[in-house]
Amino acid sequence: MGIQLKLALRNIFRNRRRTAITLAAMAFGASSIILFGGFVNFIFISVRESTIRSQVGHIQLYRKGFLDKGSVAPNDYMIANFDEIRALAKGIEHVKDVIPRLGFSGLVSTGETTTSFVGSGGNPEGEEGLSSFTRIVEGKALSSSDPRGVTLGLGMARGLGVKEGDSLTLLATTKDGGINALAVKVRGIWESGEKAYDDRFLKAPIREVQRLLDNEGEVQSIVLLLDSTENTGFVRDRLAALIRDRGFDLEIKTWEDLALRYHQVRDLFSNIFNVMALIVSFIVVLGIANTMTMSIFERTREIGTVMALGTRRSGVISMFLLEGIVLGVLGGILGAVVGIVIAKAVSFVGIPMPPPPGSTQGFIAKILIVPAVLAKAFRLSLIAAILSSLYPAWRASRLNITEALRHV
Amino acid sequence: MKDILDVRELTKTYTLGKVAVTALGGVSFRAKAGEFLAIAGPSGSGKTTLLNLIGGLDVPSSGEIEIDGERLDRLAEARRADLRARKIGFVFQTFNLIPVLTAYENVEYPLLLGKVPKGERRSRVEAALAQVGIADRSRHRPAELSGGQQQRVAIARALVSGPALVLADEPTANLDSRTALEVIDLMRRLNSERGVTFVFSTHDARIMNVAGRVLRMEDGRVQNVLGANA
Ligand SMILES: Nc1ncnc2c1ncn2[C@@H]1O[C@H](COP(=O)(O)OP(=O)(O)OP(=O)(O)O)[C@@H](O)[C@H]1O
Ligand SMILES: [Mg+2]
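Focus on the domain arrangement of chain A
Working step 1: Under the domain assignment, chain A is made up of domain 1 (2–50 + 262–406) and domain 2 (65–248).
Working step 2: Measuring from the centre of the C-alpha atoms in domain 1 of chain A to the corresponding centre in domain 2 of chain A gives 52 Å.

Quick notes on the sheet that holds strand β9 (residues 213–218) of chain B
Residues and elements named next belong to chain B.
Working step 1: What the six strands build is an open sheet, ordered β6-β7-β8-β3-β9-β10; its pairing is mixed. Each edge of the sheet is formed by a strand with only one pairing partner; in this case those strands are β6 (88–91) and β10 (221–227). Averaged over all neighbouring strand pairs, the angle between strand axes comes to 20°, with direction disregarded.
Working step 2: Across four bridges, strand β3 (residues 36–40) lies against β9 in parallel orientation. Note that in β9 the partner of A40 across the bridge is R216.
Working step 3: Packing of helix α6 (residues 177–194) onto the sheet brings it into contact with β3 and β8 (198–201), and relative to β8 it is tilted by some 155°.

A short note on the interface of chain A and chain B
Working step 1: Listed as interface residues are 21 residues of chain A and, on the opposing side, 25 residues of chain B.
Working step 2: Buried area between chain A and chain B, both sides added, is near 2200 Å², and the carbon and sulfur share of it is 60%.
Working step 3: Three residues stand out in chain A for area buried against chain B, namely R10(A), L309(A) and R312(A), and they jointly supply 29% of the buried area on that side.
Working step 4: A salt bridge links R313(A) to E77(B); the nearest nitrogen and oxygen atoms lie 2.5 Å apart.
Working step 5: Remark: the boundary between chain A and chain B carries 10 residue pairs in polar contact (both at pLDDT 80 or more).
Working step 6: Every element with two or more residues in the side of chain A that touches chain B is listed here: α1 (3–12), α11 (300–308) and α14 (401–406) of chain A.
Working step 7: Tallying contributions element by element places α11(A) first for the side of chain A that touches chain B, with six residues.
Working step 8: Of the residues belonging to the side of chain A that touches chain B, the class tally is eight nonpolar, five polar and eight charged.

Remarks on the sheet that holds strand β2 (residues 19–32) of chain B
Working step 1: If you trace the four strands from one edge of the open sheet to the other, you get β2-β1-β4-β5 (chain B), paired in antiparallel fashion. Looking at strand neighbours, the two that pair on one side only are β2 and β5 (70–71) of chain B, the edges of this open sheet.

Focus on empty space enclosed by the protein
All names here are of chain A.
Working step 1: Across all of its chains, the model carries three cavities of 30 Å³ or more by this definition.
Working step 2: Counted as a void, the largest cavity has a volume near 60 Å³.
Working step 3: Around the largest cavity sit M26, G29, A30, I33, V280, S281, V284, A377, L380, S381 and A384, which together line it.
Working step 4: Listed by contribution, the elements that provide at least two residues to the lining of the largest cavity are α2 (16–56), α10 (260–298) and α13 (371–397).
Working step 5: When grouped by side-chain class, the residues that make up the lining of the largest cavity number eight nonpolar, three polar and no charged.

Topic: the nonpolar core
Working step 1: In terms of nonpolar packing, the biggest core is built from 48 residues, with L5(B), F29(B), L50(B), I54(B) and L165(B) touching the most fellow members.
Working step 2: Every residue in contact with L50(B), bar those within four places of it in the chain, is listed here: L10(B), L24(B), V27(B), F29(B), I39(B), L215(B) and M217(B).
Working step 3: By size, the runner-up hydrophobic cluster in this structure holds 43 residues, among which are V95(A), V108(A), V162(A) and L250(A).

Concerning the packing of aromatic side chains
Working step 1: The final tally for this structure, using the stated rule, is 10 aromatic pairs over all chains.
Working step 2: Here F104(A) and F117(A) contribute two aromatic rings whose centre-to-centre distance is 5.3 Å and whose plane-to-plane angle is 70°, an arrangement assigned as edge-to-face. Placement of F104(A) in strand β2 (residues 95–109) and of F117(A) in strand β3 (residues 114–122) is noted, with a sequence separation of 13 residues between them.
Working step 3: With relative accessibility at 2%, the residue F117(A) sits in the buried group.
Working step 4: Here the aromatic rings of F90(B) and F92(B) are separated by 5.9 Å at their centres, their planes lie at 10°, and the arrangement is stacked.
Working step 5: We classify F92(B) as buried; its relative accessible area is 10%.
Working step 6: Chaining the aromatic ring pairs together yields one cluster made of W190(A), Y197(A) and F201(A).
Working step 7: The positively charged end of K203(A) is found above the aromatic ring belonging to W190(A), 5.2 Å away from the centroid.
Working step 8: Between the NZ or CZ atom of R139(B) and the centre of the ring of Y104(B), over which it lies, the distance is 5.4 Å.

Re the confidence of the model for chain B
Working step 1: Here chain B averages 93 in pLDDT, while 98% of its residues score no lower than 70.
Working step 2: Interface predicted TM-score (ipTM) for the complex: 0.95; the corresponding pTM is 0.79.

As for the pattern of salt bridges
Working step 1: Counted by the stated rule, this structure contains 43 salt bridges over all chains.
Working step 2: As a salt-bridge pair, E105(B) and R10(A) come within 2.5 Å of each other at their nearest N and O atoms. You can see E105(B) sitting in helix α3 (residues 103–113) and its partner R10(A) sitting in helix α1, one on each of two chains.
Working step 3: In this structure E105(B) comes out as buried when scored by relative accessible area, which is 7%.
Working step 4: Across the pair E193(B) and R189(B) runs a salt bridge, and its minimum N-O distance is 3.9 Å.

As for unusual backbone geometry
Working step 1: Residue D214(A) is not a glycine yet carries a positive backbone phi of 60°.
Working step 2: With respect to the element layout, D214(A) can be found in the loop between α7 (206–213) and β9 (221–226).
Working step 3: Taking relative accessible area as the criterion, D214(A) reaches 41% and is therefore assigned partly exposed.
Working step 4: Phi at D68(B) takes a positive value of approximately 50°, unusual for a residue other than glycine.
Working step 5: With respect to the helices, strands and loops of the structure, D68(B) is situated in the loop between β4 (62–67) and β5.
Working step 6: You can call D68(B) partly exposed: its relative accessible area is 25%.

Quick look at the site of ligand 1
Working step 1: Residues in contact with ligand 1 amount to 14 residues; listed here are only the nearest, S43(B), G44(B), K47(B), T48(B) and T49(B).
Working step 2: The residues that come close to ligand 1 belong to more than one chain, namely chains A and B.
Working step 3: Within the backbone of G46(B), one N or O atom sits 3.0 Å away from an oxygen atom of ligand 1.
Working step 4: E170(B) places a side-chain nitrogen or oxygen 3.4 Å from an oxygen atom of ligand 1.
Working step 5: A total of 630 Å² of accessible area belongs to ligand 1 in isolation, and the protein chains cover 70% of it.
Working step 6: Listing elements by their share of the shell around ligand 1, those giving two or more residues are β1 (3–16) and α1 (47–54) of chain B.
Working step 7: Here the shell around ligand 1 takes three residues from α1(B), the largest share from any one element.
Working step 8: Split by residue class, the shell around ligand 1 holds four nonpolar, seven polar and three charged.

Each value, and the rule that gives it
- Residues numbered from 1 in each chain as written.
- Chains lettered and ligands numbered in written order.
- Predicted model: local features only at pLDDT ≥ 70, side-chain atom pairs only at ≥ 80, totals over all residues.
- Heavy atoms only, no water.
- Domains from an automatic or database assignment.
- Pairing = 2+ DSSP bridges.
- Helix = DSSP H or I, 4+ residues; strand = E, 2+ residues; numbered from the N terminus.
- Axes fitted to C-alpha atoms, helices over the stretch in contact; angles between N-to-C directions.
- Contact = heavy atoms within 4.5 Å.
- Buried area = accessible area lost by both parts, 1.4 Å probe.
- Salt bridge = Lys/Arg side-chain N within 4 Å of Asp/Glu carboxyl O.
- Polar contact = N/O pair within 3.5 Å; in protein donor to acceptor, adjacent residues only side chain to side chain.
- Nonpolar A, V, L, I, M, F, W, Y, C, P; charged D, E, K, R; others polar.
- 1 Å grid on protein atoms, 1.4 Å probe; cavity = no way out; pocket = protein on both sides within 12 Å on 5 of 7 lines; lining within 4 Å.
- Points joined across faces, edges and corners; volume = space filled by probe spheres on them.
- Core = buried A, V, L, I, M, F, W, Y, C linked by side-chain atoms within 4.5 Å.
- Buried < 20%, exposed > 50% of the residue type's maximum accessible area, 1.4 Å probe, protein only.
- Phe/Tyr/Trp six-rings, centres within 6.5 Å; stacked < 30°, edge-to-face > 60°.
- Lys NZ or Arg CZ within 6 Å of the ring centre and 35° of its normal.
- pLDDT = per-residue confidence, 0-100.
- Near = heavy atom within 4 Å.
- Areas by Shrake-Rupley, 256 points an atom, 1.4 Å probe, with all protein chains shown as cover.

So, in structure tokens, the structure goes:
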């Protein structure tokens, strides 16, 4: 072991109490970064997964032009060969579900009360993957064995004053611009946690919706659910190759293109996390600088001695910088250990969280152990230790040798 | 014997605010290789100041210092540090061992600065510790050694790299009189048997008695030089 490292280690453990306090401060800093970062990552992944599972899926396919002009003339941008595409997509590794989407809107009436709705036609058998977003509170989910059974948001059901088994009439504009009506029954009532959605939304089996809109066999978009979000890139590339080879007139969007709210949440929390990390690092820097300054003051005569023996001033700087680095490494390791232990303990118990904005259900949060966050906490400890040793080390190296030797 | 030290017209003036204190007012002398030279004089006469300048720990206001043929006063700071490591050994009144290092490691330190290879380092450290009679304490830290033992380790550290000159500012002032005598004896023996050149300051008449020459200072000047071919 080099003399420099030997000196650094022994000097660090010379004043055990002070070193313990400094290391505790560093461990506190590093572990708070790990804990907060782990929590924030849990939120990111929760928002990401809930957005994917309940709304956008992992990948969506559209007719080219639908996203730009589809809102004005949706009927011009329908996908006619859904069954063929489904068969091909199912053949790709990691693809779990291929779900047709057919959005529509119109009026829903009980005979006494009438209100507008936004609806989606889904494939009753394929929707499981996407249904975790809504929770049935009364009745049952859509089923192909009950083609006329629709499900409503809780807010809409209350507004209409209907319950399971009640009859409703849906009115919508057909593909050719005519008006069509469809008699349906309330099969189930669900809640999503999003009030605006629960008040306005209904779901119906896609074949009935196609009949109502008079566009047999056509869908607006196709949603793919995968076994894991990590495989999105892989499946996207395979789909792109497939579309190119077959000459389909389709475009691909992934959840990253569609989950706008996820990106907002991520940006917001990343900023909060960075500000927090900065404040913590600043406090740690002050703590170590204080320790270093005290320790250098106490060792003034030793510094004079090693300089008298022929150590250059640059050697004195590196001596104290190395001490800072060793302190930083120790504090970083300790912080990582403490952070991981607390994260595991807290996750074991779970943090009950209030409902997020726009939602009616709370959730249990955990703290994830994220390698990137661990690395960041460790890096910050090290940088903080080096930064806070710089000035004291420089001061030590500027000491006047004869005065330092006289120091008691 | 050739001159190992040549000091010419050395002055040192400290300015405290507006008052200028002349600590050295033109000191000249020479020392030959193998000398045992004492610097005596009342408190405040400039002994420490002179030794600090010779050791390159401080810079003179004017004058020249030549050590083993090298002009110390002309060197930049880092070069002076290197010259100290190569040519000068220091023994301090307060021993000044590095507390976190063992006796062995303290003696090894100058050799590490000089980048002496490992095997040679070991044999030189062991030889130096043996010469000062402290080989059995090599694993001890300074706090576990008596003052006399610490000063022996410090002497081993001063001579381990084979310096041209060992400087000692009142090396026995912090020791009881018996231990002081032992340390003087050791220095004297290293001087006569090994040819180590010592230049040291002292108030102790007993050391002056064994010194080859005594440079007597008064008010920052050499008052007289007593002893062999003075
Ligand atoms: N750093 C300094 N600043 C100002 N004056 C100083 C400084 N160092 C020494 N002096 C002055 O220089 C003169 C010589 O001091 P020096 O320490 O060399 O004497 P000394 O012979 O070693 O004394 P002692 O026997 O007490 O150790 C004294 O007048 C002292 O006050
Ligand atoms: Mg003195």
